[in-house]
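Each chain, letter by letter, is given below.
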Amino acid sequence: MHQLLNHPAVQAGLAPFLVALISAELLQRIKLSGLAVIAGFAATVYLVSSFSIEPLTASRKIVVLGLSAALFALPLGLLKGRWISPLLVILGGTAAIWTTQHILQQQNIQLMALWGSGCAFYVATLVWGMDKLEKEPLRAAHAATVLGLSTGVSALLGASGLLGQFGLAIGSAAAAHLLVQIISNQTLPTGRTFTLTVSIITGLTGCLAVLSTQLPWYTLPVLACIPIAAWLLPMPKNSALMHSLMLSLLTLPLAAGAVYLTWKSTGNLAY
């Protein structure tokens, strides 16, 4: 059993999927099924590195911010206002600077400004794009699945096993959420507990992979288009399965493009 739990496919694939599947089913009764994605991610963190935060490395900051995003988003469900989305965008950009702070400080002032602003803009864009989907559970789950899996695979190709597992865990957990909707042909409550958590973890994972591994920077703009594409696609009334298939026509080519660009640049695989 110990050897099975140490297998990367179980840690970043099966475990978060099963935990999220169970959580989504249980939490939908209290309209908090959006927390399933952080539950799945937490399962991967527990199996991979535990929840220790000392020393507070960049990868551990991703865990802290991911859990904090899920908790922070809970009271936001009780609030309404156009100011919420801009606030989250600003907080997302700030989170990117804080997460990569140690790496940025080792660069000259020009690179620090360039890389810092680039990371902040990328995370802010993902936060904005996913927030557009917070009232669209099927779109949100599909975008999160494709974004998480493509971020994870890209990080693996960039030669980071841990960051790859972070991305794959989000993708697997979101896939469980999506599967429940497809099978039941009913949407599950998601909200910002889902969308904010996904955007923060995948965004910070992508930024850290660019700064600390071989992931090329031009992969990130392609990944950033995934939630935007899911938001822009017209969705006529149809079954959840058909909706998901239609979304795949736009999002999967973007994911494939990001993975291809990374593979062409590195030709590596972390495992």
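Peer 1: Break down the overall build of the chain for me, with residues and values.
Peer 2: Across its full length, the chain holds 12 helices and zero strands. Taken from N to C terminus, the helices and strands of the chain fall in the order α-α-α-α-α-α-α-α-α-α-α-α. By the compact-globule yardstick of 18 Å for 271 residues, the chain fits well, its C-alpha radius of gyration being 17 Å. A burial count over the chain gives 52% of its 271 residues as buried. Look at the contacts in the chain between residues 6 or more apart in sequence, and 77% of them connect residues 24 or more apart. When the accessible surface of the chain is totalled, it reaches about 12,300 Å², and 69% of it is carbon and sulfur. The average position of the 12 basic charges and that of the 5 acidic charges among the side chains of the chain differ by 6 Å.

Peer 1: Tell me what's going on with the packing of aromatic side chains, and back it up with residues and numbers.
Peer 2: According to the stated counting rule, one finds four aromatic pairs in the structure shown. Note on W128 and W231: the rings are 5.5 Å apart at their centroids and 85° apart in plane angle, and the pair reads as edge-to-face. With W128 in helix 7 (residues 109–131) and W231 in helix 11 (residues 219–232), the pair connects residues that are 103 residues apart, well separated along the chain. Take W128: its relative accessible area is 32%, and that puts it in the partly exposed class. Judged by its relative accessible area of 32%, W231 is partly exposed. With a centroid separation of 5.8 Å and 80° between ring planes, the pair formed by W217 and Y218 is classed as edge-to-face. For Y218, a relative accessible area of 35% translates into the label partly exposed. Its guanidinium or amino end placed over the ring of W98, K61 lies 4.5 Å from that ring's centre, counting from NZ or CZ.

Peer 1: Describe a nonpolar patch on the surface, listing the residues and the values that go with them.
Peer 2: Together, F72, L78, L79, W83, L87 and L91 line one region of the surface with nonpolar side chains, adding up to about 590 Å² of accessible area. With respect to the helices, strands and loops of the structure, L87 is situated in helix 5 (residues 84–99). For L87, a relative accessible area of 32% corresponds to the partly exposed category.

Cut-off values and rules
Residues numbered from 1 in each chain as written. Predicted model: local features only at pLDDT ≥ 70, side-chain atom pairs only at ≥ 80, totals over all residues. Heavy atoms only, no water. Helix = DSSP H or I, 4+ residues; strand = E, 2+ residues; numbered from the N terminus. Rg over C-alpha atoms; globule rule 2.2 N^0.38 Å. Buried < 20%, exposed > 50% of the residue type's maximum accessible area, 1.4 Å probe, protein only. Contact = heavy atoms within 4.5 Å. Areas by Shrake-Rupley, 256 points an atom, 1.4 Å probe, with all protein chains shown as cover. Lys, Arg positive; Asp, Glu negative; His and termini not counted. Charge placed at Lys NZ, Arg CZ, Asp CG, Glu CD. Phe/Tyr/Trp six-rings, centres within 6.5 Å; stacked < 30°, edge-to-face > 60°. Lys NZ or Arg CZ within 6 Å of the ring centre and 35° of its normal. Patch = residues over 30% accessible without salt bridge, like charges linked within 9 Å, V, L, I, M, F, W, Y side chains within 5 Å. Salt bridge = Lys/Arg side-chain N within 4 Å of Asp/Glu carboxyl O.

Remember that the coordinates give geometry; whether it matters functionally is a separate question.
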